[in-house]
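Observations on the model geometry
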Amino acid sequence: MKYHVREVRVVDNVKTGGDIYLLTLAAPAIAAAALPGQFIHLRCGEGLDPLLRRPFSIYGVDRKNSLVQTWYQVVGKGTDLLRKAKAGKTLDVIGPLGKGFFTDIAGRNAGLVGGGMGIAPLMFLGGELAQNNRVHSFFGVRSKAQLPPGLSFPTPLVATEDGSAGRRGLVTDVLEQELQRQKMDILYACGPRAMLQQVVKLAQKYDIPLQVSLESAMACGVGACLGCACEKSGADGESWLKACQDGPVFWAAEVKWE
Ligand SMILES: Cc1cc2nc3c(=O)[nH]c(=O)nc-3n(C[C@H](O)[C@H](O)[C@H](O)COP(=O)(O)OP(=O)(O)OC[C@H]3O[C@@H](n4cnc5c(N)ncnc54)[C@H](O)[C@@H]3O)c2cc1C
Ligand code: FES
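Presented here is an overview of the structure given in this document. Treat the numbers as computed from the prediction; the structure is a model and nothing was measured.

**Topic: the packing of helix H4 (residues 171-181) against helix H5 (residues 193-205)**
Between H4 and H5, whose axes approach to 10 Å, the crossing angle comes to 15°. Judged on the interaxial angle alone, H5 and H4 are roughly parallel. The chirality of how H4 crosses H5 is right-handed. Facing Val-171, Thr-172, Leu-175, Glu-176 and Leu-179 of H4, the residues of H5 in contact are Met-195, Gln-198, Val-199 and Leu-202.

Set out below in structure tokens:
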């Protein structure tokens, strides 16, 4: 069930490091319905510029207090406007949208692999899975300032490009080291395509089911424009998946990677 709420109140919009912000919204209906891996589509400005809504993964939900959080990086016009939204202002929000992660597991070793802002949906997922599973998370960022605030599940193994936290290098190297040490029952990944391609290879090598969240650029967000199309694996001729509607979460085997 999705909701279009024209006046969602901003509770907080705080910088967590560098050009990254944590936005907290009072959105009871969306908070009650949201599942890990889903996203909200929000209008960043008041006028028609930018015309299109911007998609953001749901980073966290506080159902008791009816709050929804997104964690976003300022990269362009929309996110720059969003950064200026002060507590008390209202935003036009549609959500929760898309298909979320498969979470029907218990007593398992679940590995979460996030790169950059792709860590965002894994924070909600990790909190939910940790209630019934052993969660192992692997986060790769450029620098310490890009790490997320407020973990509610075990501390991640971190890789940074500049060596300011955890190990210097790639998150996929840290993941492979851990896979050599212990078996994961399922992997979940979100991040840049190059990182996802490496995670797909590792999942194949170690024979682990993998779900990926594809944050392809989007326009309509509801399946009407094909702006988010990604190629389907094994299809005869051209066949496309719509990240906004069929995803953003897919089993890795559904997606064509090369
Ligand atoms: C399902 C989904 C979930 C997302 N979740 C998050 C999140 O939790 N946190 C977060 O920071 N961002 C997230 N994004 C990306 C976010 O939507 C974009 O960064 C945002 O729309 C940029 O808007 P803008 O107006 O600031 O930038 P624009 O002016 O539209 O673009 C600025 C630059 O960013 C590039 N860009 C825009 N969208 C994307 C994209 N999806 N992937 C790669 N590059 C892009 C543009 O090509 C351009 O170079 C998500 C995207 C999707 C599809
Ligand atoms: S964004 Fe329009 S079809 Fe997905």
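**A few points about the site of ligand 1**
Taken together, 22 residues sit near ligand 1, with Ser-57, Gly-76, Gly-78, Thr-79 and Ala-120 positioned nearest. Mapped onto the shell around ligand 1, the elements with two or more residues apiece are strand S4 (54-57), strand S6 (67-73) and helix H2 (77-83). Within the shell around ligand 1, the residues separate by chemical class into 12 nonpolar, 7 polar and 3 charged.

**Some points on the nonpolar core**
Of all hydrophobic cores here, the largest spans 69 residues; its most connected members are Ile-40, Val-68, Val-93, Leu-187, Tyr-188 and Ala-189. Top contributing element to this core by residue count: helix H3 (residues 120-129), with 6 residues. Every residue in contact with Ala-189, bar those within four places of it in the chain, is listed here: Val-113, Leu-196, Val-199, Leu-210 and Val-212.

**Here's the deal with unusual backbone geometry**
Look at the link from Gly-95 to Pro-96: it is a cis peptide, with omega at -10°. With respect to the element layout, Pro-96 can be found in strand S7 (residues 90-97). Of the consecutive residues Gly-247 and Pro-248, the connecting peptide bond is found in the cis state with omega at 15°. Of note, Pro-248 is situated in the loop between strand S15 (240-242) and strand S16 (249-251). Phi is positive for Asp-207, close to 55°, though the residue is something other than glycine. Assignment of secondary structure puts Asp-207 in the loop between H5 and strand S13 (210-213). Backbone geometry places Leu-226, a non-glycine residue, at a positive phi of 65°. Along the chain, the position of Leu-226 falls in the loop between S13 and strand S14 (229-231). The class of Leu-226 is exposed, set by 11 C-beta atoms lying within 10 Å.

Analysis parameters
- Residues numbered from 1 in each chain as written.
- Chains lettered and ligands numbered in written order.
- Predicted model: local features only at pLDDT ≥ 70, side-chain atom pairs only at ≥ 80, totals over all residues.
- Axes fitted to C-alpha atoms, helices over the stretch in contact; angles between N-to-C directions.
- Helix = DSSP H or I, 4+ residues; strand = E, 2+ residues; numbered from the N terminus.
- Parallel < 35°, antiparallel > 145°, perpendicular 65-115°, else oblique.
- Left-handed = near helix turned anticlockwise from the far one by under 90°.
- Contact = placed C-beta atoms within 7 Å.
- Near = placed C-beta within 6 Å.
- Nonpolar A, V, L, I, M, F, W, Y, C, P; charged D, E, K, R; others polar.
- Core = buried A, V, L, I, M, F, W, Y, C linked by C-beta atoms within 7 Å.
- Buried ≥ 20, exposed ≤ 12 C-beta atoms within 10 Å, placed from the backbone.

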